[in-house]
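Take a look at the letters that make up each chain.
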Amino acid sequence: MAFWRTKKAPPDDSVSSTEAAPKSGGGLFSKMRAGLQKTRRTLNTDIRDLFKSEGRLVDDTLLNELFAKLIRTDMGIGPAETIRDDVATRLRGRVVHFEEVVQTITEQTRTMLQQESTELRLADTGPTVILVVGVNGSGKTTSIGKLANHLHQAGHKVVLGAGDTFRAAAVEQLTVWAGRIGCDIVTGKPEADPASVAFQCVEQAIATGADIAIIDTAGRLQTQTNLMQQLEKIRRVVEKKIEGAPHEVLLVLDATAGQNAISQARGFSEAAGCTGIVLAKLDGSAKGGVVLPIREQFQLPVKFVGLGEGVEDIAPFDPASFANALFSE
Ligand SMILES: Nc1nc2c(ncn2[C@@H]2O[C@H](COP(=O)(O)OP(=O)(O)OP(=O)(O)O)[C@@H](O)[C@H]2O)c(=O)[nH]1
Ligand SMILES: [Mg+2]
């Protein structure tokens, strides 16, 4: 199993390793910053309000106030406590300015977000198959469009599979994305078995020498047993065609859904054998801190973040860039 390989030289602004994360500038970093603007503004205003221009003593009162502000980003009690305790360890008893505290928080957040790899697992030979799953309306189809474009731009030949055969509109939606990007798409008849569409998609990928097949699925809940079995069937037929496939099962989570909704997706993730997370709609949320509990609760790497509805509005998740974009003015 190989990791992410780009066929064309990656653009200068690509940020795929934590060490390489720029402090400012760079297309993807700017995108991340723009996407996280709401959260950053709220946090910065909130935390700045705690400090006078001459600085403030770091004591229990300040630490508790800081904790309350952090919670507002939906980062959850555990991560907010960790950050508060780190500020206490490093700065308690000192009179500090806003900037110093924010720097401390950013560093701790970066540490908490560290993960092994954000890169897509690609097949050593033959097409890589990516299955995209999640609850209704989480952003699956849009994320597939953006991801397909991202991969296409990196020089990969991509084919899409319209595995959501329940709604004609879902097929149309993915067909529009395929047209926009200029990649192939495999569609089935209305209400066709999604597994047969997935099978045909993989067959077409092999026949046309495509590098990556991305299969869309209908939204579902973990409690819908028949729909969960259907996912299992998709996996089986895909694996029959290519050993080791699907190489990635990406769970799309809606960043605006709140922490509880996201926690509920944990069971789903386990049932569907997910391998990574795409966190969609981060741009619309003042609660970008939700990435912290996601990293804490899911034993899965966050691979991409969705930062808008446009074709370019996706970025590989990078902990250092993310932490900077979350806190740094
Ligand atoms: N602002 C913003 N909107 C997004 C993003 N991703 C998806 N959306 C919007 O969210 C809505 C639902 O997106 P879809 O991609 O259709 O979601 P889905 O999971 O495929 O939905 P179902 O197929 O019905 O389960 C659409 O209006 C999208 O434009 C994002 O990163 N940012
Ligand atoms: Mg969809």
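Note that residues are indexed from 1 along each chain, following the sequence as it is written. Each chain takes a letter, starting from A, and each ligand takes a number, starting from 1, following the order in which they are written. Note on the predicted model: pLDDT of at least 70 is required for a residue's local features to be given, and 80 or more for side-chain atom pairs to be given and counted; whole-chain, interface and lining totals, by contrast, use all residues. As a convention, hydrogens and water are excluded, and side-chain values are obtained from all of the structure's heavy atoms.

1. Description of the overall build of the chain
- Scanning the chain from terminus to terminus reveals 12 helices and 12 strands.
- Only C-alpha atoms enter the radius of gyration; for comparison, a globular chain is expected to reach 2.2 Å times N to the power 0.38, where N is the number of residues. The globule rule puts the C-alpha radius of gyration for 329 residues at 20 Å, and the 21 Å found for the chain is close to it.
- Dimensions of the chain along its principal axes, counting C-alpha atoms only, are 70 × 45 × 30 Å.
- Exposed residues in this analysis have more than 50% of their type's maximum accessible area, buried residues have under 20%, and partly exposed residues fall in between, with area computed by a 1.4 Å probe over protein chains only. Scored against the burial criterion, the 329 residues of the chain give a buried share of 53%. Where helices and strands are cited, they refer to DSSP runs of H or I of at least four residues and of E of at least two residues respectively, numbered from the N terminus.

2. Some remarks on the confidence of the model for the chain
- Here the chain averages 88 in pLDDT, while 92% of its residues score no lower than 70.
- In the model, residues 1–25 has pLDDT below 50 throughout and makes 61 contacts with residues more than four positions away in sequence or in other chains. Confidence scores labelled pLDDT are given residue by residue by the predictor and lie between 0 and 100. When checking whether two residues touch, look at their non-hydrogen atoms; a contact exists if any pair is within 4.5 Å.

3. Examining the pattern of salt bridges
- The term salt bridge refers to a pairing of a side-chain nitrogen on Lys or Arg with a carboxyl oxygen on Asp or Glu at a separation within 4 Å. For the structure shown, the criterion picks out 12 salt bridges.
- With a closest N to O distance of 2.6 Å, R94 and E100 form a salt bridge.
- Look at R94 and you get partly exposed, because its relative accessible area is 37%.
- Residue E248 pairs with K303 through a salt bridge whose shortest N-O separation is 2.8 Å. Placement of the pair is E248 in strand 9 (residues 248–254) and K303 in strand 11 (residues 302–306), with a sequence separation of 55 residues.

4. Remarks on helix 12 (residues 319–327)
- The element helix 12 is extensively covered by neighbouring structure, given that nine of its nine residues are classed as buried.
- Those residues of helix 12 not exposed but buried are P319, A320, S321, F322, A323, N324, A325, L326 and F327.
- Elements in contact with the buried residues of helix 12: helix 1 (27–35), helix 2 (37–48), helix 3 (60–71), helix 5 (98–113) and helix 11 (291–297).

5. Section: the packing of helix 2 against helix 5
- A fitted line through C-alpha atoms serves as each axis, taken over the contacting stretch for helices, and the angle formed by two N-to-C directions is quoted from 0 to 180°. Where helix 2 meets helix 5, the axes come as close as 10 Å, and the angle between the chain directions of the two elements is 130°. As summarised for this structure, helix 2 and helix 5 are arranged oblique, according to the angle between their axes. Crossing hand, helix 2 versus helix 5: right-handed. Residues N44, I47 and R48 of helix 2 form the contact with helix 5, whose participating residues are F98, E99 and I105. Orientation categories follow fixed angle ranges, with anything under 35 degrees roughly parallel, anything over 145 roughly antiparallel, 65 to 115 roughly perpendicular, and all other angles oblique. Note on convention: near helix rotated counterclockwise from far helix by under a right angle means a left-handed crossing. Clockwise means right-handed.

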